[in-house]
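In case you want the letters, here they are:
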Amino acid sequence: MEKNILAIAVGGCGNNIIQNLINSHSTSGTDLFYIDADNFAVEKSSVHDKLAVSEQRNGCGGDQEFGRTIILDSKAAIMNKFDGYSKIVFIAGLAGGMAGTVPLMAEWAGQENIFVTGTAIMPFEFEGPQKRENAETTFEKWKNSLKMIFVLENDKLCKLAECLKLNIPMDDLDAFFNIPEIIDGISRYTR
Ligand SMILES: Nc1nc2c(ncn2[C@@H]2O[C@H](COP(=O)(O)OP(=O)(O)OP(=O)(O)O)[C@@H](O)[C@H]2O)c(=O)[nH]1
Ligand SMILES: [Mg+2]
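A brief report on the enclosed structure follows. (Residues numbered from 1 in each chain as written. Chains lettered and ligands numbered in written order. Predicted model: local features only at pLDDT ≥ 70, side-chain atom pairs only at ≥ 80, totals over all residues.)

## So, the overall build of the protein
Within the protein one finds 9 helices and 6 strands. For 191 residues, the compact-globule formula gives about 16 Å, and the C-alpha radius of gyration of the protein, at 16 Å, lands near that figure. Across its three principal directions, the C-alpha atoms of the protein cover 45 × 35 × 30 Å. A total of 191 residues make up the protein; the buried ones form 40% of that total. Across the protein, every contact between residues at least 6 apart in sequence was considered, and the portion connecting residues at least 24 apart equals 74%. (Helix = DSSP H or I, 4+ residues; strand = E, 2+ residues; numbered from the N terminus. Rg over C-alpha atoms; globule rule 2.2 N^0.38 Å. Buried ≥ 20, exposed ≤ 12 C-beta atoms within 10 Å, placed from the backbone. Contact = placed C-beta atoms within 7 Å.)

## Here we look at the pairing of strand 2 (residues 31-36)
Buried residues dominate strand 2, accounting for 5 of its 6 residues. One crossover worth recording links strand 1 (residues 3-10) to the parallel strand 2 by way of helix 1 (residues 11-23), and it is right-handed. Inspection of the sheet shows strand 2 paired to strand 3 (residues 50-52) by 3 bridges, in the parallel sense. Residue I35 lies in a different strand from strand 3, and its bridge partner there is L51. Crossover handedness for the path strand 2 to helix 2 (residues 39-44) to strand 3: right-handed. (Right-handed = clockwise from strand over helix to strand, strands pointing away. Pairing = 2+ DSSP bridges.)

## Thoughts on the pairing of strand 6 (residues 148-153)
The pairing of strand 5 (residues 115-122) with strand 6 spans 6 bridges and is classified as parallel. When the bridges of strand 6 are listed, I121 appears paired with L152.

## Some remarks on the site of ligand 1
Lining the immediate environment of ligand 1, one finds 24 residues, of which G11, G12, G93, G96 and G97 sit closest. The leading source of residues in the shell around ligand 1 is helix 1, at 4 residues. (Near = placed C-beta within 6 Å.)

## Description of the nonpolar core
Counting residues in hydrophobic clusters, the biggest one holds 48 residues, and the most contacted among them are A7, I8, A9, F90, I91 and A92. Looking at this core, the elements with two or more residues in it are strand 1, helix 1, strand 2, strand 4 (85-93), helix 5 (102-111), strand 5, helix 6 (129-143) and helix 9 (179-189). Discounting chain neighbours no more than four positions away, the residues touching A9 are G14, N15, I17, I18, L32, Y34, V47 and I91. (Core = buried A, V, L, I, M, F, W, Y, C linked by C-beta atoms within 7 Å.)

By themselves these figures say nothing about function.
Printed below as a string of structure tokens:
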């Protein structure tokens with residue numbers, strides 16, 4: 001039987017978000033896969049199906065070009081994960097080093113006739129203009145290989161927290177992005 005949707009967590013941000021969903025039992029049977037160049041984070045992650053794409057380094061150090069090149073050696077293993085799915089949603093913080101991998105992975109998935117979508121988490125203003133620029137550049141490259149792209153602005157989380165006068169940790173704030181709703185929407189209302 002053809003599998004429906006695979007949610008792919010990319011880098012530290014993707015992993016945090018997906019782990020929060022697991023902890024709050026909100027994944028409702030969606031298949032999850034986590035990919036990162038940070039061996040330590042992959043080892044620690046409670047995501048069952050995961051892949052470390054770097055043997056020597058702990059993450060990409062914010063270097064998107066490093067991210068892009070490091071996954072080339074893992075292409076076969078990554079393509080193997082796509083196998084049998086009709087839809088994929090990538091979840092990535094677009095200012096991080098691993099975001100350098102998403103345009104390429106989306107292109108590979110598209111070549112398999114998969115309905116490829118992305119969820120872009122855009123950086124906080126306090127992270128500075130360079131991070132914003134990295135995220136915007138990746139966004140432009142990525143969108144060409146995606147059928148749909150959801151854009152989640154981290155700054156909105158801050159504003160929301162301020163508005164509601166909440167003093168809650170980042171992990172809990174992420175729940176406002178309602179990723180399960182996005183996954184469910186793609187799963188049910190696209191083809
Ligand atoms: N909402 C939210 N955003 C996050 C979280 N963690 C990271 N981010 C955002 O995502 C961006 C990328 O961070 P990571 O995903 O940790 O970066 P990475 O791809 O692992 O990058 P490297 O450290 O270079 O390997 C950050 O600049 C933040 O804007 C999180 O838990 N929640
Ligand atoms: Mg990282």
